Amino acid sequence: MGYKTRSEYEKETSKQESDFPKLGAPAERALAHAGYVKLIQLTKITEADLSRLHGMGPNALGRLREALALKGLSFAGSNGAEKPTKKKSASPVSRTDKVDEFMETLVHPFKAEVQTLRQIILGVNKNIVEEVKWKAPSFSYRGEYLVTFNLWETKRIHLVFHNPMIASVKSKLLEGDYKDRRMAYFTDRKDIQAKKSAFEKILKDLIKLQEA
């Protein structure tokens, strides 16, 4: 399910095991020794402070940063000590070759469903391009991101619409009320087929907003 507020997310994750992405042993030990077991806890520490933990390297920080973003979260602010990074635009060139290579080696319980959704997305508009982002297939239109898979989740298919205009798209498939993103979930291939038309409409409506 999506979480409408941070407090809802914190309440739910408090009942679960660690929701960190796969990290190296040194980084996992560093987090454990510092008392961090949930992503939500990292919203109370700056990335700079976390990087000072012994065993916390740039690769682990990158994975944690991406995992937070997929939940609509981020590291704590630094009171101006760190400069905000400029938003990176999507590539206007399709990297289907790289996505094909990625899919060939992907180990995921919903690999077939990811491939099905990939083809549905590309079929919505000939100008949709794809690349690998957040270690998953990602799709954009004219330099602006549309949607990216969250492959760290393995109990269902999780898609992240990380485009500010998605907030103006109305659909029962979209979950969450984040400022600049929405989530969509599918349970299996049958569920994908049942929601296909609604899913395609979300993409078409988002593209229309970008063209307006």
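As the structure is a prediction and not an experimental result, all values here were calculated from the model.

What follows is about the nonpolar core. Counting residues in each nonpolar core, the largest one holds 33 residues, and the members touching the most others are Leu117, Phe149, Phe161 and Phe199. Mapped by element, the contributors of at least two residues to this core are helix 5 (96–105), helix 6 (111–124), strand 2 (136–141), strand 3 (144–149), strand 4 (157–161), strand 5 (182–186) and helix 7 (189–211). When residues of this core are assigned to their parent elements, the largest contribution, 6 residues, is made by helix 7. With sequence-adjacent residues up to four places away left out, Phe149 is seen in contact with Val114, Leu117, Arg118, Ala136, Pro137, Phe139, Ile157, His158 and Leu159. With 19 residues, the next largest nonpolar core counts Leu23, Leu42, Leu61 and Leu68 among its residues.

On to the sheet that holds strand 2, then. Strands sit in the order 1-2-3-4-5 across an open sheet of 5 strands; the sheet is antiparallel. Where the open sheet ends on each side, the last strands, each with one partner, are strand 1 (128–133) and strand 5. Between one strand axis and the next, the sheet turns through 25° on average, direction left out of account. Bridge count between strand 3 and strand 4: 2 bridges; the pairing is antiparallel. When the sheet's bridge partners are listed, Thr148 is paired in strand 4 with Val160.

As a further point, take the pattern of salt bridges. If you walk through the whole model with that rule in mind, you get 9 salt bridges. Note that Glu211 and Arg142 form a salt bridge whose closest N and O atoms lie 3.9 Å from each other. With Glu211 in helix 7 and Arg142 in the loop between strand 2 and strand 3, this residue pair connects regions lying 69 residues apart in the sequence. A salt bridge links Asp191 to Lys195, with the shortest nitrogen-to-oxygen separation between them at 3.1 Å. Here Asp191 pairs with Lys195, and both are found in helix 7, just 4 residues apart, close to one helical turn. You can call Lys195 partly exposed: its relative accessible area is 24%.

Note on placement: Ser51 falls in helix 3 (residues 47–51). Between the alpha carbons of Ser51 and Ala30 there is a distance of 10.0 Å; along the sequence they are 21 residues apart.

By the element assignment, Val147 lies in strand 3. Using a relative accessible area of 0% as the deciding quantity, one classes Val147 as buried. Along the chain, Val147 and His162 lie 15 residues apart, while their C-alpha atoms are 6.0 Å from each other. If we ignore the near neighbours within four places in the chain, the residues touching Val147 are Ile121, Ser138, Phe139, Leu159, Val160, Phe161, His162 and Leu203.

Along an α-helix, residues three or four positions apart point the same way, because every turn accommodates 3.6 residues. Across its 14 residues, helix 6 extends 21 Å between first and last C-alpha, which sits within 8% of the 20 Å expected from 1.5 Å per residue. Buried within helix 6 we find Glu113, Val114, Thr116, Leu117, Arg118, Ile120, Ile121 and Val124.

Rules of the game
- Residues numbered from 1 in each chain as written.
- Predicted model: local features only at pLDDT ≥ 70, side-chain atom pairs only at ≥ 80, totals over all residues.
- Heavy atoms only, no water.
- Core = buried A, V, L, I, M, F, W, Y, C linked by side-chain atoms within 4.5 Å.
- Buried < 20%, exposed > 50% of the residue type's maximum accessible area, 1.4 Å probe, protein only.
- Helix = DSSP H or I, 4+ residues; strand = E, 2+ residues; numbered from the N terminus.
- Contact = heavy atoms within 4.5 Å.
- Pairing = 2+ DSSP bridges.
- Axes fitted to C-alpha atoms, helices over the stretch in contact; angles between N-to-C directions.
- Salt bridge = Lys/Arg side-chain N within 4 Å of Asp/Glu carboxyl O.
- Expected span 1.5 Å × (residues − 1).

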